[in-house]
Every structure is written in structure tokens, then in C-alpha cells.
Amino acid sequence: SENLTFKQLWEESRRIGGVLAGQGLGPENLVGLNLEKSIDSVLALLGCWWCGAAVLPLDPQAPVRRLNQIQDLAGCDVILGSLPQGQPGRFKPTHSSDLAYVIFTSGSTGQPKGVEVTWGGLPNLYRSQIPAFNLGPGARMLWILSPQFDASLSDIGCALLSGATLCIPSLPAAELPRELGIGRITHLDIPPALLKLYRPDDLPASLTTLV
């Protein structure tokens, strides 16, 4: 398995942010992230935030029609399907009123609608959730939600800002209890519909917090 220390994550995401800045991206831009869950997708997200660009998380597992619809509605300046290559440039300053990310509603009642989230509220959200979930060094959060849900970004941000370990699934959803045991997962954020598939006895003793 692949892993990164916080120092490596910091340095590599900052380098990627510099590459994106060198390509002219900054606080006025929206970048679509169309990457499978991986260390690279986390680095791409943090790299965008380093250069000040807002992100539109996309899920490659979603239907192509929905992905195309969301991209058209959002008007992304760039779609990243891999980590960018090039020379670093200079970062531009960001402000609390700048966009951090855009998330689209499911569209179950009509056309999907984009919700814009600025930097002004995001740090406060993380500061509230970290103690509520009792996250910190030694905790291990499994990143199981689709990138197209904003709770997915909450899982990433809360885990990393608290000093916890963000774990990326390697097994199918049907093998979640086994995944939790192998990864010694302590924290899990999961949709209720998926929770119905498991019995409490299936979940390992390491699991202390279920959201």
C-alpha cells in the first residue's frame, strides 16, 4: 500500500499548487477534479487550494451523462484527470469571499443545482466537526463517501487538519467490515442506506465513531 507523511503531503500538494499557478490558475478559476479516490486525488484537491482555485469534485464512477451535465452547468476552466505537470508559478492571495468548492445537488427534483461554498465558512465547519467527532493524532478515518458529496470534503479536511490518518478504501463496499478491520479504522462517515447492509457485530472493535 502507498502512504504519505504529513510533511510529504504538504510539500507535494504545494508543488502541485505551484504548477497550477504556473498554468495561470488562481482564485478566479474553477477546476473539475475527475480522479478516482487515491493519494493523487487528495494531492490534486490540496494543490488547487494551494493556488487558490475552487474545485468541483467529480466522481468517475458516476454516469457519464451526469458528469457531462454538471461540467456544462459549472463551466469549469480546467478538468484534471491526473496530476498536472509543468513549472511552478507564484500563488495569488485568496480572500474569505473566494470560492473553495462547488457541489451539485442530486437533481432528484429536477435539474442539478450548483451550491457555491466560500472560504469564509469552511474553517469554522472543520473547527466544529473535529472535536464533535473526537478526531486527532492516532485516529484513522476511512474515506468512503463519493467525492460529489460535500461531506466527503469534510472527511478529508477534518482528518488532515486534526492530525488523523485519512485511509482510502481498497476493497468493494460489500467488504466494508473487512476493510475496517484491516485498516484499523476508528472513524467512519457512511450513508444510512449502506449502513442497513451490516450488523453491529460485523464491525470491528477499533471503530469508535460512526457518523
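Just so it is clear, the structure is predicted and the values come from calculations on it, not from any experiment.

All right, on to the side chain of Asn-29 then. Tracing the backbone shows Asn-29 in the loop between helix H1 (6–22) and strand S1 (30–33). Take Asn-29: its relative accessible area is 13%, and that puts it in the buried class. Separated by 3.4 Å, the side chains of Asn-29 and Asp-77 make a polar contact. Look past the residues within four positions of Asn-29 in its chain and what remains in contact with it is Gly-24, Ala-53, Ala-54 and Asp-77.

Let us now look at the confidence of the model for the protein chain. Averaged over all residues, the pLDDT of the protein chain is 92; the fraction at 70 or higher stands at 99%. For the protein chain, helix H7 (residues 192–195) is the element with the lowest average pLDDT, namely 80, and strand S7 (residues 165–167) is the one with the highest, namely 98.

Take helix H2 (residues 39–51) next. Residues lying three or four places apart along an α-helix face the same way, a consequence of the helix completing one turn every 3.6 residues. Across its 13 residues, H2 extends 18 Å between first and last C-alpha, which sits within 8% of the 18 Å expected from 1.5 Å per residue. Most of H2 is tucked away, with 11 of its 13 residues classed as buried. Within the span of H2, buried status applies to Ile-39, Ser-41, Val-42, Leu-43, Ala-44, Leu-45, Leu-46, Gly-47, Cys-48, Trp-49 and Cys-51. Gly-52 sits one or two residues past H2 and shows a positive phi near 95°.

Here is what the cut-offs are and how they apply
Residues numbered from 1 in each chain as written. Predicted model: local features only at pLDDT ≥ 70, side-chain atom pairs only at ≥ 80, totals over all residues. Heavy atoms only, no water. Helix = DSSP H or I, 4+ residues; strand = E, 2+ residues; numbered from the N terminus. Buried < 20%, exposed > 50% of the residue type's maximum accessible area, 1.4 Å probe, protein only. Polar contact = N/O pair within 3.5 Å; in protein donor to acceptor, adjacent residues only side chain to side chain. Contact = heavy atoms within 4.5 Å. pLDDT = per-residue confidence, 0-100. Expected span 1.5 Å × (residues − 1).

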